[in-house]
Amino acid sequence: MICRLLLVRHGVTTWNREGRFQGRLDPPLDPLGELEAAYLAERLAADPSPPPRIVSSPLQRAVSTARILHDRLGAAGELELDAGLVEIGAGEWEGSTHAELQARDGQRYAAWRDSGGELEPPGGESLETARARVGGAVDALLESASSRDVLLLVSHGGILRLAAGHLLGLPTASVWDWEVHNASLSTLALDATGDWRVVAWNDVGHLQGRPDLDRDEADGQPLIL
């Protein structure tokens, strides 16, 4: 079992900036998203720890982020893809903005927002189904890692919240409002009792003060993007 787990959200996409539900759709990183990933890679390269083993969601916004990190860090082994880390499915709402849904599907959209995201979008995936999927994927990856591995997962905002909740033994509702910015770095570690703890969450120090990078996403809390 490893002792350190790094969680990275993919860099920004145009759809992030527009407040569109991405879900299982596959928009690419925009140029600033690539730059965000490069700044994160620069930061991680200064860490004296061994290069991490990198595992990514198979969606291209995550893979592109992971590839930039992998190439810069000389990461251990090949870049790995794991379908268990794919974003939560948003069903019929994928590709739409929050404003468009409010106008087109206002009743169901309002109920989803009022539920804190616990209701699934029409044709989408429930949080508990996603949590079971993500928890199984994370457990399998940790089981396959050696004690010397630093494991870095590149995924999506919703998935990283659920992964943290799974490892920390917290209810889904308690982590759903945690901020997870694009190209952020969160670190979990095992303590002396064998329990996971949060060392840092949503760390974006590598992006602060960078022109055009230190900005919020478009409307929508909670976001499934």
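Residues numbered from 1 in each chain as written. Predicted model: local features only at pLDDT ≥ 70, side-chain atom pairs only at ≥ 80, totals over all residues. Heavy atoms only, no water.

**With respect to the sheet that holds strand β2 (residues 53–56)**
Move 1: Judged by pairing direction, the sheet is mixed, and its six strands sit side by side in the order β3-β2-β4-β1-β5-β6 without closing on themselves. In this open sheet, the two edge strands, each paired with only one partner strand, are β3 (80–81) and β6 (196–203).
Move 2: The pairing of strand β1 (residues 4–9) with strand β5 (residues 185–190) spans five bridges and is classified as antiparallel. Within β5, the residue paired with Leu 5 across the bridge is Leu 188.
Move 3: Contacts between helix α3 (residues 60–73) and the sheet are confined to β1, β2, β3 and β4 (150–155), with β2 contributing the most and set at about 170° to the helix.
Move 4: Its contacts with the sheet put helix α7 (residues 157–168) on β1, β4, β5 and β6, and the angle it makes with β6 is roughly 160°. (Pairing = 2+ DSSP bridges. Helix = DSSP H or I, 4+ residues; strand = E, 2+ residues; numbered from the N terminus. Contact = heavy atoms within 4.5 Å. Axes fitted to C-alpha atoms, helices over the stretch in contact; angles between N-to-C directions.)

**Observations regarding the pattern of salt bridges**
Move 1: Evaluated as defined, the whole model comprises ten salt bridges.
Move 2: Here Arg 24 ties to Glu 125 by a salt bridge, and the two come within 2.8 Å at their closest N and O atoms. Pair noted here: Arg 24 is in the loop between α1 (14–18) and α2 (31–45) and Glu 125 is in the loop between α5 (106–114) and α6 (127–144), with a separation of 101 residues, a long-range link.
Move 3: Salt-bridge contacts for Glu 125 lead to Arg 133; the nearest nitrogen and oxygen are separated by 3.0 Å. (Salt bridge = Lys/Arg side-chain N within 4 Å of Asp/Glu carboxyl O.)

**Thoughts on the packing of α2 against α3**
Move 1: Look at α2 against α3: their axes get within 9 Å of each other, and the N-to-C directions meet at 35°. With respect to the hand of their crossing, α2 and α3 are arranged in right-handed fashion. Between α2, through Glu 34, Ala 37, Ala 38, Leu 40, Ala 41, Leu 44 and Ala 45, and α3, the contact on the second element is made entirely by Thr 65, Ile 68, Leu 69, Arg 72 and Leu 73.
Move 2: In the contact of α2 with α3, the residues fall into nine nonpolar, one polar and two charged. (Left-handed = near helix turned anticlockwise from the far one by under 90°. Nonpolar A, V, L, I, M, F, W, Y, C, P; charged D, E, K, R; others polar.)

**With respect to the packing of aromatic side chains**
Two aromatic rings are characterised by how far apart their centres lie and by the angle between their planes.
Move 1: Evaluated as defined, the whole model comprises six aromatic pairs.
Move 2: Their ring planes at 90° and their centres at 5.8 Å tell us that Trp 93 and Trp 112 sit as a pair that is edge-to-face. Taken together, the positions of Trp 93 in the loop between β3 and α4 (98–104) and Trp 112 in helix α5 put the pair 19 residues apart, joining distant regions of the chain. Considered together, Trp 93 and Trp 112 belong to a single accessibility category, that of buried residues.
Move 3: Summarising the aromatic geometry, the rings of Trp 178 and Trp 201 are spaced 5.0 Å apart at their centres and angled 75° between planes, so their arrangement reads as edge-to-face. You can see Trp 178 sitting in the loop between α8 (172–175) and β5 and its partner Trp 201 sitting in strand β6, a full 23 residues away along the chain.
Move 4: Following the ring pairs from residue to residue traces out a cluster consisting of Phe 21, Trp 93, Tyr 109 and Trp 112.
Move 5: The ring of Trp 176 has Arg 161 lying over it, and the distance from NZ or CZ to the ring centre is 5.3 Å. (Phe/Tyr/Trp six-rings, centres within 6.5 Å; stacked < 30°, edge-to-face > 60°. Buried < 20%, exposed > 50% of the residue type's maximum accessible area, 1.4 Å probe, protein only. Lys NZ or Arg CZ within 6 Å of the ring centre and 35° of its normal.)

**Here's the deal with the environment of Leu 73**
Move 1: Within the secondary structure layout, Leu 73 lies in helix α3.
Move 2: What makes Leu 73 buried here is its relative accessible area of 14%.
Move 3: Placed 50 residues apart in sequence, Leu 73 and Gly 123 show a C-alpha to C-alpha distance of 39 Å.
Move 4: Apart from the residues within four sequence positions on either side, Leu 73 is in contact with Ala 41, Leu 44, Ala 45, Pro 51 and Pro 52.

That's the geometry; what it means functionally is another story.
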